[in-house]
Amino acid sequence: GIEFATPVGLLSSGISGVDTVMAMAGRLANLKLEDAKAAREDDKRMIDSEVQKMPGGFPFFNNYIRERVREALQNVHASFEADFVQTVAALRSAQHDSP
């Protein structure tokens, strides 16, 4: 599998900030690995050749990465939603406890 790391943690864990995941998802939505660059042209040719040998080639890997990002986005959404509901409930409870 593939994991996307941020300073806060792995995107798949759902704890990354919404803004971080949204920014990454926006950049990767139109990902085309075949357009990636390498420091050396020989490396680029070697990587492209290896990817093209794999079943599905570039289209498979482009879709695979987008799917992993989509899953991470959904995990962050679920985590945020749970935190949001809990925070609203805490505020509501605190409001009732005030004199």
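Refer to the structure printed above.
Description of the structure in this document.

**Details of the pattern of salt bridges**
- Counted under the stated rule, the structure contains seven salt bridges.
- With a shortest N-O distance of 3.8 Å, Asp-42 and Arg-40 are connected by a salt bridge.
- Lys-44 serves as the salt-bridge partner of Asp-48, at 3.0 Å between the closest nitrogen and oxygen. Taken together, the residues span about one helical turn, with Asp-48 and Lys-44 both in helix 2 (residues 41-53) at a distance of four residues. For the residue pair Asp-48 and Lys-44, the accessibility class agrees, reading buried in each case.

Each value, and the rule that gives it
- Residues numbered from 1 in each chain as written.
- Predicted model: local features only at pLDDT ≥ 70, side-chain atom pairs only at ≥ 80, totals over all residues.
- Heavy atoms only, no water.
- Salt bridge = Lys/Arg side-chain N within 4 Å of Asp/Glu carboxyl O.
- Helix = DSSP H or I, 4+ residues; strand = E, 2+ residues; numbered from the N terminus.
- Buried < 20%, exposed > 50% of the residue type's maximum accessible area, 1.4 Å probe, protein only.

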